[in-house]
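What follows is each chain in one-letter form.
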Amino acid sequence: MDLVQLKQKANNLPLKPGVYIMKDKGGNIIYIGKAKQLKNRVTQYFGLGNQHTQKVKKMVSFVEDFEYIICDSEFEALILENSLIKQNQPKYNILLKDDKGYFYIKITDDKWKKIVSTKQYEKDGEYIGPYNSGFVVNQTVDQVNKIFKLPNCNRSFDTKSKPCLNYHIGICFAPCTNNISIEEYNEIINSATDYIKQGEFSENTVEILKQKMENAAENLQFETAARLRDRINAISKVNEKQKVVSISYKNQDVIATATFGDKACIEVLIFRNYKLVDKRHYFFDEVNNKDEIMGEFLQQYYFENSNIPNRILIDTTNFDYLLLEEWLTKKSGHKVSIIVPKKSDGKKLLDMCISNAAQNLSEKTKRDTKEMALLNELALVLGLENPPKIIEAYDISNTAGENNVAGMIVFNNAKPYKKGYKRFKIKSFVGQDDYRSMAEVLDRRFIEYEKGEDITFSQLPDLILLDGAKGQISAVLPILQKHNINVPVFGMVKDSKHRTRAIATSGGDIDIKSTRKVFTLITNIQDEVHRFAISYQRKLQSKKLLSRELTQIEGIGEKKANLLLKHFKSMSKIKTAKYEDLVSIKGITEINAKKIATFFGNL
């Protein structure tokens, strides 16, 4: 539908509460919103001459149709909107995506164990987690090491040595001096691990420690008593230090926004039991104003969050916050107040939150500025009109013409965007021909763009890079013309040692070694697309070799071999599989199962 038809459809909407769902030409949901009166809200999008923000204008330009759901109340519409946004993840809604990975607390498997923070899970010790917040992990590790006076050095404790400064300032009990047995050390590590898992020491636990200290003193175990005393004191100091932050309310969240141009950062400080237990921040682009973003943020942040405090401090209430209060109260089962504090502790906490948001946004803006400068330099080197924000790169991989595949990677703002990566099996011919392969892959990529069914293919890149020289470029330019695609295409040329040397054009090569940052970026892109393509080719090659081993079994062809590999994931599991396991696979007959089990000696 065009804009006029969309407005005509919107004029027929009822003046009732509900949810509206915007869709693009491929039927993909791109925006979901709620309205007190559907007709009034939706017609605003398609009003000719309306002064929309750039983000809304862009969204409306992609709208091909919309649907709506009538609700009994605005409150019901709010709940339905949240549910649909979470389910569909529309492109133009504010989405709280977790792309930071997970964090763990690791108890190493050394003889003298240590407690550290890590982002890698390698099964080489005991791991506690995962946690979404690095702040929580680092704070916990620092806290537990101080309470239990655990060492954080790399010394060997099997031989005696002089203690370091940490011992003299009272933050390590110095096992390097051989003042403790390995059994007692492990007991302390176990206590520290229990502390981490429980989250904090209760008053009852502290009383138990005091009793142990008194018993140790009575038995003349003065060093043990001293360590217990120091542990109790450390716990008290940590608790008092935390309580200084806020003494008025036991549980509360503090949420504030910092903006710079059309970018924003929302900071969340989470206080439980009078302590700052976590902090999180979220970045957003194309933001119109902080009032609008705050309302949308609160909805999504608390939609799946069951730990809702009684009090939420925010820096603006220029949105329908009373409706949110009602929803949060009903969701949590207790009264929830949304407040803009004007004085005392609440105002201090809010100011602290705003300061953190501004600092995070400043750091990110600096990073973004560096990336934009790099892309501007790349545009200058290649003679592009605009810096290429989205870059797609392609490489072909095969083994003497077999397992002919291609890899497509995406760089967004000079960084890998792995959700956009795609793999292709060459289908139009058999054998080795990199030019035809590259042409086929680009053709299939633009066919998907025209169909509009796959969201990852729905946006054209600003630049296409091919692993190769003029031949690859000549092979794909007719494909772009065929699909009426106007995207600049260049090749990435390697030297005799397979290192990036230059950028290829249809007329010659551009030397990039003199522009270090551009050279590094192109090298990273070329290395990454090569790694991605060859890893896929090797995976298929390995699968084919395994399949050949299975096809030696009577009655097992390539199709059934692939069924077995798909089900068991590895040859080792197939070789140890029992008849009962094999016969349960759809497509494997009783005779097949007996033959396979017999072949590997399991029957």
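Basis of the calculations
- Numbering of residues begins from 1 in every chain and follows the order in which that chain's sequence is written.
- For this predicted model, a pLDDT threshold of at least 70 governs which residues receive local features, and a threshold of 80 or more governs which side-chain atom pairs are given and counted, while totals over whole chains, interfaces and linings are taken from all residues.
- Remark: hydrogens and water are excluded; side-chain values derive from all non-hydrogen atoms of the structure.
- Two strands qualify as a pair provided that DSSP identifies no fewer than 2 bridges between them.
- Only runs of H or I of at least four residues qualify as helices and only runs of E of at least two qualify as strands under DSSP, and these elements are numbered from the N terminus.
- Lines fitted to the C-alpha atoms define the axes, with helices restricted to the stretch that makes contact. Angles between their N-to-C directions range from 0 to 180 degrees.
- An angle below 35 degrees is treated as roughly parallel, one above 145 as roughly antiparallel, one from 65 to 115 as roughly perpendicular, and anything else as oblique.
- Definitions for this section: a left-handed crossing has its near helix turned counterclockwise from the far helix by less than a right angle. A right-handed crossing has that turn clockwise.
- Contacts are assigned to residue pairs that have any heavy atoms within 4.5 Å of one another.
- Here the nonpolar group is Ala, Val, Leu, Ile, Met, Phe, Trp, Tyr, Cys and Pro; Asp, Glu, Lys and Arg are the charged ones; every other residue, Gly included, is treated as polar.
- For this document, the term salt bridge refers to a Lys or Arg side-chain nitrogen within 4 Å of an Asp or Glu carboxyl oxygen.
- Throughout this description, the term nonpolar core refers to a set of buried Ala, Val, Leu, Ile, Met, Phe, Trp, Tyr and Cys residues connected via side-chain atoms within 4.5 Å.
- Each residue's exposure class comes from its accessible area (1.4 Å probe, protein chains only) as a fraction of the maximum for that residue type: buried when under 20%, exposed when over 50%, partly exposed otherwise.
- Here, patches come from residues exposed beyond 30% relative accessible area and free of salt bridges, joined within 9 Å for like charges and within 5 Å for nonpolar side chains (Val, Leu, Ile, Met, Phe, Trp, Tyr).
- Per-residue and other accessible areas follow the Shrake-Rupley method at a 1.4 Å probe size, with only the shown protein chains counted as cover for residues.

Draft legend 1. Just the sheet that holds strand β3 (residues 65-70), in detail. Taken in spatial order, the three strands of this open sheet run β2-β1-β3, and their pairing is antiparallel. Each end of this open sheet is capped by a strand with a single partner; those strands are β2 (29-35) and β3. Pairs of neighbouring strands in the sheet enclose a mean axial angle of 20 degrees, with direction left out of account. Bridge analysis of strand β1 (residues 18-23) against β2 gives six bridges, and the strand direction is antiparallel. The partner of Ile21 across the bridge, within β2, is Ile32.

Draft legend 2. Molecular detail of unusual backbone geometry. Even without being a glycine, Ser344 presents a positive backbone phi close to 55 degrees. Within the secondary structure, Ser344 is located in helix α12 (residues 344-382).

Draft legend 3. Main features of the packing of helix α13 (residues 434-451) against helix α14 (residues 470-482). The geometry of α13 relative to α14 is characterised by a closest axis approach of 8 Å and an angle of 30 degrees between their N-to-C directions. In this view, α13 runs roughly parallel relative to α14, as classed from their interaxial angle. Judged by the twist between their axes, the crossing of α13 over α14 is right-handed. The segment α13 lies against α14, with Asp434, Tyr435, Met438, Ala439, Leu442, Asp443 and Phe446 engaging Gly471, Gln472, Ala475, Val476, Ile479, Leu480 and Lys482. Of the residues that constitute the contact of α13 with α14, the class distribution is nine nonpolar, two polar and three charged.

Draft legend 4. Region of interest: the pattern of salt bridges. Scanning all chains against the criterion turns up 19 salt bridges. Between Glu81 and Lys34 there is a salt bridge, with its nearest N and O atoms 3.9 Å apart. You can see Glu81 sitting in helix α4 (residues 74-88) and its partner Lys34 sitting in strand β2, a full 47 residues away along the chain.

Draft legend 5. Examining the packing of α4 against helix α10 (residues 290-303) more closely. Two numbers describe how α4 lies on α10: the axes approach to 10 Å, and their chain directions differ by 70 degrees. Classed by the angle they form, the pair α4 and α10 counts as roughly perpendicular. Counting all contacts with α4, which are made through Leu78, Ile79, Glu81, Asn82, Ser83, Ile85 and Lys86, the residues of α10 involved are Gln299, Gln300 and Phe303. A breakdown of the residues in the contact of α4 with α10 according to their chemical character gives four nonpolar, four polar and two charged.

Draft legend 6. Up close: the nonpolar core. Formed by 27 residues in total, the largest nonpolar core has its most connected members in Ile255, Phe297, Leu298 and Tyr302. Of all the secondary-structure elements, those providing two or more residues to this core are α4, β8 (263-272), β9 (275-284), α10, β10 (311-314) and α11 (321-332). Among the elements that make up this core, the one with the highest residue count is α10 (six residues). For Phe297, the residues in contact, after removing those within four places along its chain, are Leu96, Ile255, Ile266, Val268, Tyr282 and Phe284. Grouped together as the second largest cluster of nonpolar side chains are 26 residues, Phe424, Val476, Leu480 and Val489 included.

Draft legend 7. Looking closely at a nonpolar patch on the surface. On the surface, a cluster of nonpolar side chains totalling about 290 Å² of accessible area is made up of Leu165, Ile169 and Ile171. With respect to the helices, strands and loops of the structure, Ile169 is situated in the loop between α6 (165-168) and α7 (182-198).

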